[in-house]
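# Secondary and tertiary structure notes
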Amino acid sequence: MGFQPPAALWGLLLLQGFMKPLWGDLAFIPPFIRMSGPVVRASLVGDTEGVTVSLAVLQDEAGILPVPTCGVLSNETEDWSVTVTPGGKVLEVTVRWKRGLDWCFSNETDSFSESPCILQTLLVSASRHSTCLAHVLIQVEIYANSSLTHNASENVTIIPNQVYQPLGPCPCNLTAGACDICCCCDQECSSNLTELFRWSCFTGVFGGDVNPPFDQLCSAEATRAVPDWFPFLCVQSPLANTPFLGYFYHGAVSPKQDSSFDVYVHTDPKDFADFGYKQGDPIMTVKKAYFTIPQVSLAGQCMQDAPVAFLHNFDVKCVTNLEAYQERDGIINAKIKNVALGGTVTPKVTYEEATDLDKFITRTEAPLNNGSSLRIVNVEEHYIFKWNNNTISEINVKIVRAEINAHQKGILTQRFLVKFLSYNSGNEEELSGNPGYQLDKPVRALNTNRTNNVTTLHLWQSAGRGLCTSANFKPILFGENALSGCLLEVGINENCTQLRVNALERLDSLIQATHVAMRGNSDYTDLSDGWLEIIRVDAPDPGADLLAGSVNGICLDIPAQLSIRILISDVGAVEGITQQEILGVETRFSSVNWQYECGLTCEHKADLLPISASVQFIKIPAQLPRPLTRFQINYTEYDCNRNEVCWPQLLYPWTQYYQGEPYSQCVAKGLLLLSFLTLAVFLSNPWTRICRACS
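What counts as what
- Residues numbered from 1 in each chain as written.
- Predicted model: local features only at pLDDT ≥ 70, side-chain atom pairs only at ≥ 80, totals over all residues.
- Heavy atoms only, no water.
- Helix = DSSP H or I, 4+ residues; strand = E, 2+ residues; numbered from the N terminus.
- Contact = heavy atoms within 4.5 Å.
- 1 Å grid on protein atoms, 1.4 Å probe; cavity = no way out; pocket = protein on both sides within 12 Å on 5 of 7 lines; lining within 4 Å.
- Points joined across faces, edges and corners; volume = space filled by probe spheres on them.
- Nonpolar A, V, L, I, M, F, W, Y, C, P; charged D, E, K, R; others polar.
- Polar contact = N/O pair within 3.5 Å; in protein donor to acceptor, adjacent residues only side chain to side chain.
- Salt bridge = Lys/Arg side-chain N within 4 Å of Asp/Glu carboxyl O.

## Digging into the side chain of S522
When you line up the elements, S522 lands in the loop between strand 26 (515-517) and strand 27 (531-533). Dropping the residues within four chain positions of it, S522 is found in contact with R444, A517, D529, G530 and W531.

In C-alpha cells:
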C-alpha cells in the first residue's frame, strides 16, 4: 500500500539533513526515519519561529520526490496526523497512525504474515511564509503483531513448572513476534524460512537442546562410533532427571506475621539448637522459627526475612523508600534457643544517634510542614554473635537511629552487619580461620611501616557515578576472584606527571601492606608466625620524561591496572576439614596510553580515565602430579579423552564416575545383581547337564 523511494532520493535528503545544522539552517534530526510502530518522533532545530509543519503521503504513481506545495498546508490525512510540541529552540514533531493496529487484522488471517501490514512513504515538511525550509522522509514498514488480536485475559504468559520442564525451551528465541535467524526451535519461523537456514541451526542448549540425554543412560542413542554393547552396564533413569532441571522449594505465604524477626515455618523444621549448630545452619528461636535479618539475594534484591546462618558473616546495604518504610520490631524480645547453656540467649541492645543523615537518606523533596511530628528510623544495625564450639553464648546488637520528619520523602539506605566471634575474644578482632584460611574470610595483612600495623588488602566498591573520589573499600576475601574499578576525572590540559602520580596513588591505596598471613590465625604481634612479604613489581616512574609528555591531551604509560595474584595450597586437614594456606602474593602494575576524547569540538570538560584492580587466587598442588609413563602416553586405549570407547566406564554404575546415588547403594545393588547372575548360572541347562554327568 505504498512505494519505496529510490536510493538517490534518500542519499540527497540525508546529505541535506546532516549538513544543514552545521550551517545554522532549519533542519530535522534525524533527516530519515524507518518507522515500525504506530508513533514516531523527530526534532526540528534551528530558527523555529513562525514555522509551520505539514505532512504528505508519496503516491505510487509519483516515483520521485514531488516539489512540496507549502502554500496549501496540511497536518492531517485520512490515515496520518502530525502534531508539534514546542520545547525552547527545538520543536518535537510527532507523526501518528490514526487507524490503530487493529486495522491490520481486518483483512489478515495469518497473524504472523511475512509481508508488512503498512508500507508507505511519508514526507514531513517545515515551511515559513509558504517557503519550504526542511524535510524529513519517513519509510513506514509495520508488521502485524499477534498479541493485539487477543484479549488481555487470553494473553497471559504460562510459566511451566520448572521442576519438570525448562523455563526457556528455546533460548535462541530472542525476538517476540518475529523469526530469529538460525534458531530452528523458534515457533514463529515458518517452514519456508526454516528451510533457508536449517543446515546452520544453533546447537546445544542455546539452540533448544535444553534437555540433552545423559551419555550413560540406557535409553540414550549412541552419537559416537562405539560398539552397541558399550557400556556393558548403564543407568536406567527418566529423561526428566537432568542437570538442566532441579528441585525447587515450594514455600508458603503467611497472611500475617507477629514479628518481623520471626518467620514461622509451616512444616516443623529440624531444631538445630538441640544438637548443636554447624556452619551454615539457620539460627533458631525458642518459638521454633528462624532468626532473620535483612540480606541481599543473588539477584541484588533485599530480602527482609532472611535467616541468619551460623558462622556466616555479612555486611549488606538495603535501599528502601521512606514512604514504604516500616519499623522492625522484635529485636529486644527475640530469644535464641541454646540448650547447651541452659535455655535461651537474649540479645543485648544498645542505641546510638546518627550524626550525618546525608550518608543514609537521599531527599527527593523537603517536607511541607516543618512543625509536624517526628519519627525514628534505623539506619544501621550491627550484630555481634559470640560462639563457643557449636553454641551461641552471647548476642550484642548496636542500632544506629535517626530522627526525621514524619512526612519526609526520599530514599533510605540501611546497613546490616553480622559478625561471629569466639567467646574468649577480648575484642572484635576476628580470625580468618584456625589454622588455615576459610573461604570468604578477609586476607590478613600487616603494614610494618606504621604504628597501627593491622590492615588488609582491598578492592574498590564504586557508587553513584563510579568516581574514585567517592568509591569505598571492601576487603579481599580468601578464595574469591574479583575485579573492581573506578573513574578518574582528567582534563585536556592535565599534567602527565601529576596524572601518573594520582593514578599510582589510587592503585597503591588498595595494598597498604607489606606482609600477608600464611594462615588464618597468624599472630599480628609476631612477624615470624607465618607472615610473607608481598612481592611488588615496580610501577612506571611517574616523573619519567616521555616523548609525548608535552602534548596536551596525550599521556603515555599511565598506570591503570593493578593485578594481585595470590598462590594458595592445601596443607593438610583438621578433623577431616581441608586446611588452606597462602604461599605467596605478587602485585603488578599495567600501563596504558591515555588520549583525551573529543567530540565535534574539544571542550574544556573533564574526561574519564578508568583504572581497575583484579585479584586472582591460584591453587597449586601440594605435591606434583605423577608424570605419565611411556605406556600411558603411547597407548590411548584407556584414555577417555582420546578414545571413543572409555574402558574405565565399562561398568559405569560401579565406578567412581557415577555420582547419582551413594556409593554404598551402588555396591549393594551390584552385589544383588551379581547374586542373580550366579543363581541364573546354577539353574541354567548346561550346568544341570554337567551335574547329571558327574553323578
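Picking up where we left off.
## Comments concerning empty space enclosed by the protein
Going through the model one piece at a time under the given rule, you end up with 2 cavities of 30 Å³ or more. Looking at the second largest cavity, its volume works out to about 30 Å³. Tallying contributions element by element places strand 3 (residues 39-45) first for the lining of the second largest cavity, with 3 residues. Of the residues that constitute the lining of the second largest cavity, the class distribution is 8 nonpolar, no polar and 1 charged.

## Regarding the side chain of T514
For T514, the location among the structural elements is in the loop between helix 3 (496-508) and strand 26. Looking at T514, its side chain comes within polar contact range of the main-chain nitrogen of T448, at 3.2 Å. Setting aside chain neighbours within four positions, we find T514 in contact with L446, N447, T448, N449, L532, E533 and I534.

## Looking at the pattern of salt bridges
Taken as a whole, this structure holds 12 salt bridges when the rule is applied. One salt bridge connects D570 with K619, and the closest N-O pair in it is separated by 3.0 Å. Placement of the pair is D570 in strand 29 (residues 554-574) and K619 in strand 31 (residues 607-619), with a sequence separation of 49 residues. Taken together, the salt bridges that share partners define one network made up of R565, E586 and R588.

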